[in-house]
Amino acid sequence: MKQVMLLICVLLSATTLLALDAYPKTSIAEDATATWCTYCPNAYAGLEIVHGEYDFSQFVSVRYYETSGLYGTTETDARNDFYVVTGYPTVILDGLTHFVGAGDTTATTGEPYLTAVASATLAPAPIQVEIDSLDTTTGAVSATVTMHSTTAALNSDTLLFVLLEDELTASHTHVARDLVYETVSLTGAGNTTTVTTSFTIDPSWNAASLYAVAIVQRVADKEVLQAASTFPQPTHSLRAMAPIDRLVFGPSAGTYTTGDITVMNVGSSDSYTVDVVVDAGPPGTQVSFTDEFGATHTTPQPLSLASDEQTYYNVNLMPGGPGQIEYHLEITSTNLASPLMVPLTYFTDDLDVMLIDDDGGDPYEVYFTDALDAAGKSYGVWDRGMSTLPAEIALYYNTLIWNVGWAFPSLDADDKLFLTGYLGDGKNLFLSGQDIGWDLNDPQGSPDPVWYQNTLHASYVRDDTNIMDLDGVAGDPITDGLALHIAGGTGANNQQYPDEIDAADADATVILNYQGDGGGAIRSEDSVSGAKLVYLGFGFEGISEAQARNDLLILSLDWLEGLVFRDGFESSDTSAWSVSSP
């Protein structure tokens, strides 16, 4: 009996030691808006779609209205200024990611917010925040912050309390009424601190529709570490924390095993079923999962967790061959409103090309994949909304296709840092998107004209040519004989602001011209690194005919990869055209 008891103690101790020193994150979207803003209702609708997918323990949103319209206050203006908001709507996720503007796609699909929130809610947070009380009559509010990390620390960081009023009208809800700033310092796993303060209550506000949100935010970089609210929480709630790369590269044979995926029950005790599912991939692809005790399973398994109890799993993948594999860990319960899923993507390292889907959730990537399919190219699609690109991608793929669509910022700081290194290594890039030039040069965008000129070898001439026809350049290895129309047909019919661009230096040349006007695309070969670039000042998806899209993309890829042979040759060196048999 003593031996049995000792074994139980050892197992419990091991589980405690292996527990992740973090807590599931509540992601927050702060929506800078105004009642006069034409496109702001699209952002409202998109965020409500996110609310429909996630409960308030996972996601919460607040709106900061400008005083130039209704519902704004000096505090909401100041919060928008804190984030350097220059246009509406601007949605800031967890203090760091800015989504500027919102179109019909956002209103109907919730993208790009949905993809970003899906990743954010899987991130572990070093702290837990609980709002202990809110008195909607006096305004008194209290919150407790608990440190879960053994290494992280709060050092005079911000604890922001936001008082919201819901349902002012059918359109205006989650309205920030008052903001109160406090500071918080805390170290040591298991330690807590409680902060009590007070909102100023206007008697005209509907007390039954008032809620509080608490936000802990780093002073140094504005990252929101954790959030909490007084909105109703579900009785049963299961969360995952996956501090791992969920988009990875690897060989098309062998076994890949993920890092630890921690699962934590933050609701009442419950029983679950755990499984792993392949959504898409080469035939013969196999998956399994390994539990914290080292047992590997190929079939669904039961799991029981008490409140605040956690466990972890590793997912094992055996590719069936070259390709992109989509798979996920899935945990279900009759008490959960929807399954807990941790999506994973694996790219084999022998693909011809990688497509970067960076269009803000629009479906424009299909225009590229259709052209690649027509050419028989193998490819992967990297969802930029899910993850930044690691530098190691250059080890596997010499050519990238980057689809910006019409999203802002067109290329953010992480994108520019990556591309500087990637092109500096002599790799190849096909870059497409309307307003890239405007965004990286105009003061109202995200200007970085030096990077734009030095890295893309481009000069920005003007915004919105309002010309929908482009002609190729005679003798050019890519566009000789091409004539493109970028409106209607089978294209996306979305070209509102095609840029006029020009070659910035001797490394670049214009390869497409707007009819009767200036340049619409350039190609360049860097004289130092040898990197090759094809850059369109418009969106590839807007080209009206499938054959024209196929021709432009494949001829561009052939030139980028040194495979171009057309009626006119680029040089007179024919030495590599034939070989002699001994």
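Going by the structure above, here's the rest.
Predicted model, so just to flag it, every value in this text is computed and none were measured.

Engineer: Hey, could you run me through the environment of Ala29 in this one?
Structural biologist: On the secondary structure map, Ala29 appears in strand 2 (residues 27–33). The buried category is assigned to Ala29, whose relative accessible area is 1%. When the C-alpha atoms of Ala29 and Gly421 are compared, they prove to be 31 Å apart, with 392 residues separating the residues in sequence. Each residue touching Ala29, except ones within four places of it in the same chain, is listed here: Leu47, Phe59, Val60, Ser61, Val62, Val91, Ile92 and Leu93.

Engineer: For this particular structure, what's the right way to read unusual backbone geometry?
Structural biologist: As a rule of thumb, non-glycine residues mostly have phi less than zero, and peptide bonds are mostly trans rather than cis. Here the amide bond leading from Tyr88 into Pro89 is cis, since omega sits at -5°, within 30 degrees of zero. With respect to the helices and strands, Pro89 occurs in the loop between helix 3 (74–82) and strand 4 (90–93). The linkage connecting Phe408 with the following residue, Pro409, adopts the cis geometry, with an omega of -10°. Assignment of secondary structure puts Pro409 in the loop between strand 27 (399–405) and helix 8 (413–424). The residue Asp308 is not glycine, and still its phi comes out positive at about 70°. Along the chain, Asp308 falls in the loop between strand 21 (301–305) and strand 22 (310–318). Positive phi outside glycine occurs at Asp464, with the angle close to 55°. If you trace the backbone, Asp464 turns up in the loop between strand 29 (458–462) and strand 30 (469–472).

Engineer: In this structure, what is going on with the pairing of strand 27? I would like to understand it.
Structural biologist: Sheet faces and side chains relate simply in a regular strand, where the side chains alternate between the two faces. Of all seven residues that make up strand 27, seven are buried, and the element is covered over most of its length. The side-chain alternation of strand 27 yields two buried faces, one formed by Thr399, Ile401, Asn403 and Gly405 and the other by Leu400, Trp402 and Val404. As defined by bridge partners, strand 25 (residues 353–357) adjoins strand 27 across four bridges and the pair is classed as parallel. Looking at the pairing, Ile356 lines up with Trp402 of strand 27. Summarising the sheet, strand 27 and strand 28 (residues 428–433) pair through six bridges and their orientation is parallel. Bridge pairing links Leu400 to Leu429 in strand 28. As a crossover connection, the stretch from strand 27 through helix 8 into strand 28 is right-handed.

Engineer: Explain the sheet that holds strand 11 (residues 192–198) here, please?
Structural biologist: Adjacent strands of a sheet pair through backbone hydrogen bonds, lying either parallel or antiparallel. In spatial order, the strands read 7-8-11; together these three strands make up an open sheet with antiparallel pairing. Pairing within the sheet leaves two strands with one partner each, and these edge strands are strand 7 (127–134) and strand 11. Taking each pair of neighbouring strands and ignoring which way they run, the sheet shows an average axis angle of 20°. Here strand 8 (residues 140–147) pairs with strand 11 via seven bridges, running antiparallel. Considered in strand 11, the bridge of Thr146 is made with Thr192.

Engineer: Sorry if this is basic, but what is going on with the pattern of salt bridges here?
Structural biologist: It is possible for side chains of opposite charge to pair when their charged atoms get near one another. Scanning all chains against the criterion turns up eleven salt bridges. Notably, a salt bridge pairs Asp94 with Lys25, separated by 3.8 Å at the nearest N-O pair. Taken together, the positions of Asp94 in the loop between strand 4 and strand 5 (97–100) and Lys25 in the loop between strand 1 (23–24) and strand 2 put the pair 69 residues apart, joining distant regions of the chain. In this pair, the class of Asp94 matches that of Lys25, namely buried. If you follow the salt bridges from partner to partner, you end up with Arg384, Asp412 and Asp415 in one network.

Engineer: Is there a simple way to explain the packing of helix 2 (residues 40–53) against helix 5 (residues 113–120) in this structure?
Structural biologist: If you want to describe how two helices pack, look at the angle between their axes and the distance between the axes. Between helix 2 and helix 5, the shortest axis-to-axis distance is 9 Å and the interhelical angle comes to 40°. Put simply, helix 2 runs oblique to helix 5. The handedness of the crossing between helix 2 and helix 5 comes out as right-handed. Contacts between helix 2 and helix 5 pair Ala43, Gly46, Leu47, Ile49, Val50 and Glu53 from the former with Tyr113, Leu114 and Val117 from the latter. Within the contact of helix 2 with helix 5, the residues separate by chemical class into seven nonpolar, one polar and one charged.

Engineer: How do you make sense of the pairing of strand 14 (residues 238–241) when you look at a structure like this?
Structural biologist: The alternating pattern of strand 14 places Leu238 and Ala240 on one face and Arg239 and Met241 on the opposite face, and all of these are buried. The pairing of strand 14 with strand 17 (residues 261–265) spans four bridges and is antiparallel. From the neighbouring strand, Met241 faces strand 17, where its bridge partner is Thr262.

Engineer: Where do I start with helix 8 in this structure?
Structural biologist: An α-helix turns once per 3.6 residues; consequently, residues spaced three or four apart project the same way. For helix 8, with twelve residues, the first-to-last C-alpha span of 16 Å sits near the 16 Å given by 1.5 Å per residue. Of the positions making up helix 8, those classed as buried are Asp415, Lys416, Phe418, Leu419, Tyr422 and Leu423. One side of helix 8 holds all its buried residues, which, seen down the axis, span an arc of 165°. Among the exposed residues of helix 8, those oriented more than 90 degrees off its buried face are Ala413, Leu417 and Gly424. The elements touched by buried residues of helix 8 are helix 7 (393–396), strand 27, strand 28, helix 10 (449–456) and strand 35 (532–536). Sitting at the amino-terminal end of helix 8 is Asp412, which places a side-chain oxygen 3.0 Å from the backbone nitrogen of Asp414. Phi turns positive, to about 85°, at Gly426, one or two residues after helix 8.

Engineer: How do you make sense of the packing of aromatic side chains when you look at a structure like this?
Structural biologist: The relative placement of two aromatic rings is captured by the distance of their centres and the angle of their planes. Applying the stated rule across the entire model yields 22 aromatic pairs. When the centroid spacing of 4.2 Å and the interplanar angle of 20° are considered together, the rings of Tyr211 and Phe231 count as stacked. A residue pair is termed long-range when its members are at least 10 positions apart, and Tyr211 in strand 12 (residues 210–217) and Phe231 in the loop between strand 13 (224–229) and strand 14 qualify at 20 residues. Where Phe418 meets Tyr422, the ring centres are 5.5 Å apart and the plane angle is 20°; that geometry is what we call stacked. Of this pair, Phe418 and Tyr422 both sit in helix 8, four residues apart, roughly one helical turn. Classification of Phe418 by relative accessible area gives buried; the value is 8%.

Conventions used here
- Residues numbered from 1 in each chain as written.
- Predicted model: local features only at pLDDT ≥ 70, side-chain atom pairs only at ≥ 80, totals over all residues.
- Heavy atoms only, no water.
- Helix = DSSP H or I, 4+ residues; strand = E, 2+ residues; numbered from the N terminus.
- Buried < 20%, exposed > 50% of the residue type's maximum accessible area, 1.4 Å probe, protein only.
- Contact = heavy atoms within 4.5 Å.
- Pairing = 2+ DSSP bridges.
- Right-handed = clockwise from strand over helix to strand, strands pointing away.
- Axes fitted to C-alpha atoms, helices over the stretch in contact; angles between N-to-C directions.
- Salt bridge = Lys/Arg side-chain N within 4 Å of Asp/Glu carboxyl O.
- Parallel < 35°, antiparallel > 145°, perpendicular 65-115°, else oblique.
- Left-handed = near helix turned anticlockwise from the far one by under 90°.
- Nonpolar A, V, L, I, M, F, W, Y, C, P; charged D, E, K, R; others polar.
- Expected span 1.5 Å × (residues − 1).
- Arc of directions from axis to C-beta.
- Polar contact = N/O pair within 3.5 Å; in protein donor to acceptor, adjacent residues only side chain to side chain.
- Phe/Tyr/Trp six-rings, centres within 6.5 Å; stacked < 30°, edge-to-face > 60°.

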